[in-house]
Amino acid sequence: MVRDAVGDLAAYPSGDRARAAVAERHGRGVDEVLLTAGAAEAFVLLARVLRPRRAVVVHPQFTEPEAALAAAGHRVERVILSGAFTLDPELVPDDADLVMVGNPTNPTSVSHPVRILRSLIRPGRTLVVDEAFADCIPGEPESLASVQLPGLIVIRSLTKTWGLAGLRIGYVLADAPTIAQLAEAQPLWAVSTPALAAAEACMTPRAIAEAETWARQLATDRNYLVSGLRSLGAHVIPNPQASFVCVRLPAVRLPLREKGFAVRRGDTFPGLGEDWIRIAVRDPDTSDALLKALEVTMNTSPTR
Ligand SMILES: Cc1ncc(COP(=O)(O)O)c(C=O)c1O
């Protein structure tokens, strides 16, 4: 579908079909959907449109939501989780009128229960849930994408599961007036014809079933990786749900890089530090190779 769309590049894009497909997939009205150039564009649009008096970002999480708010001139407070990195709603100030959470969260891989997220919703508050990795969980039990509640905004990305980061496609689900406001702030034709074709293709029952199969395999592969890491004595944040795991393992990132394994540094995430790394879940053979390299590194590292 994406390749076919290249034949239509002479015309400006029309998002009608993709928007209808997204709405149908989540049981929402068409006027409750805004297609965006990735989740990243959604953060910028929200930051431009919302006028929070007290904006709170729950960390550790993807740093762009906070960066977008700051770039639009908003002051941002941080709620920093620790321990098992589960969300305690008591930590969120009562008068916060904008709260941003990732679910499941990058980089911790923690999925917050829908019950906890719902408890954050209240009159006068906007709750933004970044569900860029929601389709990593079979059946998406903790997703709020289909829930219509005042003040609730859900952001989704098609770039993760589908490996389409270069295409730039995501969407926002919210009440119709919020979507209309965001649409007004969005540049004309922000989402290209091939990206719209991808959105449509990813909403078909066949694509959803394929993503579900992938998510089940992901869970198996993740269990394999986690048990290998734990058998080496690494501390893995419990109950990971996304396509990566977050691990406290000091002084291994650079030696691993020399051995051909790129793991994500943790020190750029508020609430983590340089002892932390994020490791992508791969097939068991790749995990075995990584675990072997890790074992060698741990046995030779002078700081361990
Ligand atoms: C949690 C999270 N949300 C959103 C994004 C951005 O997604 P997109 O490629 O759709 O802009 C990322 C990218 O890494 C991410 O990790």
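Calculation criteria
- Residues numbered from 1 in each chain as written.
- Predicted model: local features only at pLDDT ≥ 70, side-chain atom pairs only at ≥ 80, totals over all residues.
- Heavy atoms only, no water.
- Near = heavy atom within 4 Å.
- Polar contact = N/O pair within 3.5 Å; in protein donor to acceptor, adjacent residues only side chain to side chain.
- Areas by Shrake-Rupley, 256 points an atom, 1.4 Å probe, with all protein chains shown as cover.
- Helix = DSSP H or I, 4+ residues; strand = E, 2+ residues; numbered from the N terminus.
- Nonpolar A, V, L, I, M, F, W, Y, C, P; charged D, E, K, R; others polar.
- Domains from an automatic or database assignment.
- Buried area = accessible area lost by both parts, 1.4 Å probe.
- Buried < 20%, exposed > 50% of the residue type's maximum accessible area, 1.4 Å probe, protein only.
- Lys, Arg positive; Asp, Glu negative; His and termini not counted.
- Salt bridge = Lys/Arg side-chain N within 4 Å of Asp/Glu carboxyl O.
- Contact = heavy atoms within 4.5 Å.
- Core = buried A, V, L, I, M, F, W, Y, C linked by side-chain atoms within 4.5 Å.
- Phe/Tyr/Trp six-rings, centres within 6.5 Å; stacked < 30°, edge-to-face > 60°.
- Lys NZ or Arg CZ within 6 Å of the ring centre and 35° of its normal.
- 1 Å grid on protein atoms, 1.4 Å probe; cavity = no way out; pocket = protein on both sides within 12 Å on 5 of 7 lines; lining within 4 Å.
- Points joined across faces, edges and corners; volume = space filled by probe spheres on them.
- Pairing = 2+ DSSP bridges.
- Axes fitted to C-alpha atoms, helices over the stretch in contact; angles between N-to-C directions.

Caption draft 1: Local environment of the site of the ligand. Ala39, Asp130, Ser157, Lys160 and Arg168 are the nearest of the 13 residues found near the ligand. Within the backbone of Ala40, a nitrogen or oxygen atom sits 2.9 Å from an oxygen atom of the ligand. Separating a nitrogen atom of the ligand from a side-chain N or O atom of Asp130 is a distance of 2.6 Å. Look at the ligand: alone it shows 390 Å² of surface, and the protein chains cover 88% of it. With four residues, helix H3 (residues 38-49) is the largest single contributor of residues to the shell around the ligand. Across the shell around the ligand, the residue classes break down as six nonpolar, four polar and three charged.

Caption draft 2: Structural detail: the domain arrangement of the protein chain. Each domain of the protein chain was delimited in the assignment, giving domain 1 (2-203) and domain 2 (207-300). Computed over C-alpha atoms, the centres of domain 1 and domain 2 are 26 Å apart. Summing the contributions of domain 1 and of domain 2, the shared interface buries around 2,100 Å²; its carbon and sulfur component is 70%. Broken down residue by residue, the surface that domain 1 buries against domain 2 is led by Pro107, Ser109 and Cys136, which jointly contribute 26%.

Caption draft 3: Broad picture of the side chain of Glu41. Positionally, Glu41 belongs in helix H3. Summary of buried charges: Glu41 has no salt-bridge partner, and the nearest side chain of opposite charge, Arg48, is 6.4 Å away. In this structure, Glu41 is in contact with Thr36, Gln186, Pro187 and Ala190, ignoring residues within four places of it in sequence.

Caption draft 4: Representation of the nonpolar core in the model. Counting residues in hydrophobic clusters, the biggest one holds 43 residues, and the most contacted among them are Leu87, Val99, Val101, Leu127 and Leu152. Viewed by domain, this core spans two of them, domain 1 (2-203) and domain 2 (207-300), each represented by three or more residues. Excluding anything up to four places from it in sequence, Val99 contacts Val56, Val58, Val92, Leu120, Arg125, Thr126, Leu127 and Val128. Of all hydrophobic cores here, the second largest spans 26 residues; its members include Leu218, Ala234, Ala242 and Leu256.

Caption draft 5: How the structure looks around the packing of aromatic side chains. Following the criterion strictly, the structure yields four aromatic pairs and no others. Aromatic side chains Phe43 and Phe62 sit 6.1 Å apart centroid to centroid with 50° between the ring planes, which places their arrangement in the tilted category. Here Phe43 is found in helix H3, whereas its partner Phe62 is found in the loop between strand E2 (55-59) and helix H4 (64-71), with 19 residues between them in sequence. Measuring from ring centre to ring centre gives 5.0 Å for Phe133 and Phe244, while their planes differ by 90°; the resulting arrangement is edge-to-face. Pair noted here: Phe133 is in the loop between strand E5 (126-130) and strand E6 (152-157) and Phe244 is in strand E9 (residues 244-248), with a separation of 111 residues, a long-range link. No difference in accessibility class separates Phe133 from Phe244, as the two residues are buried. Taking the ring centre of Phe244 as reference, the NZ or CZ of Arg278 above it sits at 5.3 Å.

Caption draft 6: Focus on the layout of surface pockets. When its volume is computed, the largest pocket comes out at roughly 420 Å³. Around the largest pocket, the lining is made up of 19 residues, and of these Phe133, Ser243, Phe244, Ala280 and Arg282 lie nearest the centre. When residues of the lining of the largest pocket are traced back to their parent elements, those giving at least two are helix H8 (205-231) and strand E11 (276-280). Of all the elements, H8 adds the most residues to the lining of the largest pocket, at four residues. Inspection of the lining of the largest pocket shows a minimum of three residues originating in each of domain 1 (2-203) and domain 2 (207-300). Its volume calculated, the second largest pocket comes out at about 320 Å³. Taken together, 16 residues line the second largest pocket, and the ones lying closest to its centre are Gly15, Leu34, Leu35, Gln186 and Trp189. At three residues, strand E1 (residues 33-36) tops the list of elements feeding residues into the lining of the second largest pocket. When grouped by side-chain class, the residues that make up the lining of the second largest pocket number eleven nonpolar, three polar and two charged.

Caption draft 7: Molecular detail of the sheet that holds E11. One open sheet accounts for four strands, arranged E8-E9-E11-E10; its pairing is antiparallel. A single partner strand is all that each edge strand has here, and the edge strands are strand E8 (235-236) and strand E10 (264-265). The pairing of E8 with E9 spans two bridges and is antiparallel. When the sheet's bridge partners are listed, His235 is paired in E9 with Arg248. The strands touched by H8 are E8, E9 and E11; relative to E9, the strand with the most contacts, the crossing angle is about 10°.

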